[in-house]
Amino acid sequence: MKNKTLLITGGAGFIGSALVRHLIEITDYRVVNLDKLTYAGNLESLGPVSSNDRYVFEQVDICNAAEVARVFREHRPDAIMHLAAESHVDRSIDGPAAFIETNVTGTCVLLEAARAYWNELPEAEKTQFRFHHISTDEVYGSLGAEGLFSETSPYQPNSPYSASKASSDHMVRAWHETYGLPALITNCSNNYGPCQFPEKLVPLIILNALAGKPLPIYGKGDQIRDWLYVDDHARALLRVLETGRSGETYNIGGHNEKTNLEVVKTLCAILDQKRPDHPGGIGRYEELITHVTDRPGHDQRYAIDASKIEQELGWMPEETFESGMTKTVDWYLNNATWCQRVLDGSYRGERLGVIE
Ligand code: NAD
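What you see is a predicted model; the values in this text were computed from it and never measured.

**Q** Could you give an account of helix α6 (residues 160-179), with specific residues and numbers?
**A** Taking 1.5 Å per residue as the helical rise, α6 with its 20 residues ought to reach 28 Å, and the 28 Å between its terminal C-alpha atoms agrees with that figure. The first or second residue beyond α6 is G180, which carries a positive phi of 80°.

**Q** I'd like a rundown of the site of the ligand, residues and numbers included.
**A** Of all residues adjacent to the ligand, which total 28 residues, the nearest are I15, D35, S87, Y161 and K165. The separation between a nitrogen atom of the ligand and a polar main-chain atom of K36 is 3.0 Å. Here a nitrogen atom of the ligand and a side-chain polar atom of T102 are 3.1 Å apart. If the ligand stood free it would expose 840 Å²; the protein chains cover 96% of that surface. Mapped by element, the contributors of at least two residues to the shell around the ligand are α1 (14-26), β5 (130-136) and α6. The element that contributes the greatest number of residues to the shell around the ligand is β5, accounting for three residues. For the shell around the ligand, the residue count by class is 13 nonpolar, eleven polar and four charged.

**Q** I'd like a rundown of helix α9 (residues 260-274), residues and numbers included.
**A** A turn of α-helix holds 3.6 residues, and therefore any two residues three or four places apart point the same way. The end-to-end C-alpha distance of α9, which contains 15 residues, comes to 21 Å, matching closely the 21 Å that a straight helix rising 1.5 Å per residue would cover. Taken together, the buried positions of α9 are occupied by N260, V263, V264, L267, C268, I270, L271 and D272. At its buried positions, α9 is contacted by α7 (201-210), β8 (215-218), β9 (224-226), β12 (257-259), β13 (289-292) and α11 (321-334).

**Q** Outline the sheet that holds strand β11 (residues 249-252), supporting the account with residue identities and numerical values.
**A** Strand pairing in a sheet relies on backbone hydrogen bonds, with the paired strands running either antiparallel or parallel. Within the open sheet, the seven strands sit side by side as β3-β2-β1-β4-β5-β6-β11. Their pairing is parallel. Each having just a single partner strand, β3 (55-59) and β11 make up the two edges of the open sheet. Strand after strand, the sheet turns through a mean of 20° between neighbouring axes, direction not considered. Examined bridge by bridge, strand β1 (residues 5-9) and strand β2 (residues 30-35) share five bridges and lie parallel to one another. Across the sheet, residue L6 finds its bridge partner in β2, namely V31. Packed on one face of the sheet, α1 meets β1, β2, β3 and β4 (79-82) and runs near 165° to β1. Along the sheet face, α6 touches β5 and β6 (183-188) and points at about 155° away from the line of β5.

What counts as what
Residues numbered from 1 in each chain as written. Predicted model: local features only at pLDDT ≥ 70, side-chain atom pairs only at ≥ 80, totals over all residues. Heavy atoms only, no water. Helix = DSSP H or I, 4+ residues; strand = E, 2+ residues; numbered from the N terminus. Expected span 1.5 Å × (residues − 1). Near = heavy atom within 4 Å. Polar contact = N/O pair within 3.5 Å; in protein donor to acceptor, adjacent residues only side chain to side chain. Areas by Shrake-Rupley, 256 points an atom, 1.4 Å probe, with all protein chains shown as cover. Nonpolar A, V, L, I, M, F, W, Y, C, P; charged D, E, K, R; others polar. Buried < 20%, exposed > 50% of the residue type's maximum accessible area, 1.4 Å probe, protein only. Contact = heavy atoms within 4.5 Å. Pairing = 2+ DSSP bridges. Axes fitted to C-alpha atoms, helices over the stretch in contact; angles between N-to-C directions.

Next comes the structure, spelled out in structure tokens:
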């Protein structure tokens, strides 16, 4: 019997590459990675699996309907897991258009290609097919000091990024309700781990600290995020794909609410131990912390109620905040070449999206 085929969009990105590595390493799926390779996509993140017989790469823009249809025709996937997106909130403030193009229009192109392909499948395969849309908890907006986001929380996106993701969630839901396309949506909290582009908080802090550069923190650094190690997210995505109920949404979170300042201080403390030869005559990495003007529209708190995925599908995170952060620091310390290559000169470790 032929191996089942999964079409992964955005498989050269941070979470997509963790998912592709996980799928190739622990399942027997054939994996087709469809990725445009924007600044955030990097095939070096797939080094460990790229020569595997069950892995194929297609450099395609999800907005290109003809090419997307070709990929469906040629590879005949049993399911699609859609991660390709413009993903950085700060960049969405500087230039929202690319976020609408990829996250909204691109998702619509994929949904239409998937629907046309799915319509022609034999009945048994039609029932099994899944369109799994990977989204964020940011669609729910911001919490006060109390409460958690659940699958029934109202959508209140505050940034151009989260508005574009909210829009794509609504379209996936509508394609399921209107056309019967079997769909799953997952909304996950903040991820951290290996292979994350260094504009995001965790790798930015690690690399700036090692270089003796300021560690920029928005405002007081008291914004709270619910942190999840990226491999735990990959395990959750596979669990939802294989056992989630079509038409359902599942929230994914790590039960790790931390302020941005706590995250930065944790990273500094791990680095103090692992790299005690501090740069520039400082005694502790924390001395590099620099508070900068807050991001406009900055959400104060995200926190996930993950009881649905835990109780229905039996998924639980394996890493604690401390074990995941230590693994992450180790990865960046051991992969300096990956970091150097990914920084192609156009991004210099600053905070973007700070409108005056
Ligand atoms: P990323 O920016 O690291 O990777 C995005 C990938 O998509 C890149 O490989 C890029 O080349 C590709 N891509 C972008 N535009 C494309 C296009 N038009 N056509 C084809 N490929 C394109 O993002 P990430 O952090 O890995 O996030 C992946 C998904 O998970 C996104 O949908 C994001 O909204 C969602 N998500 C991220 C987080 C997080 O903390 N990073 C949390 C929850 C949900």
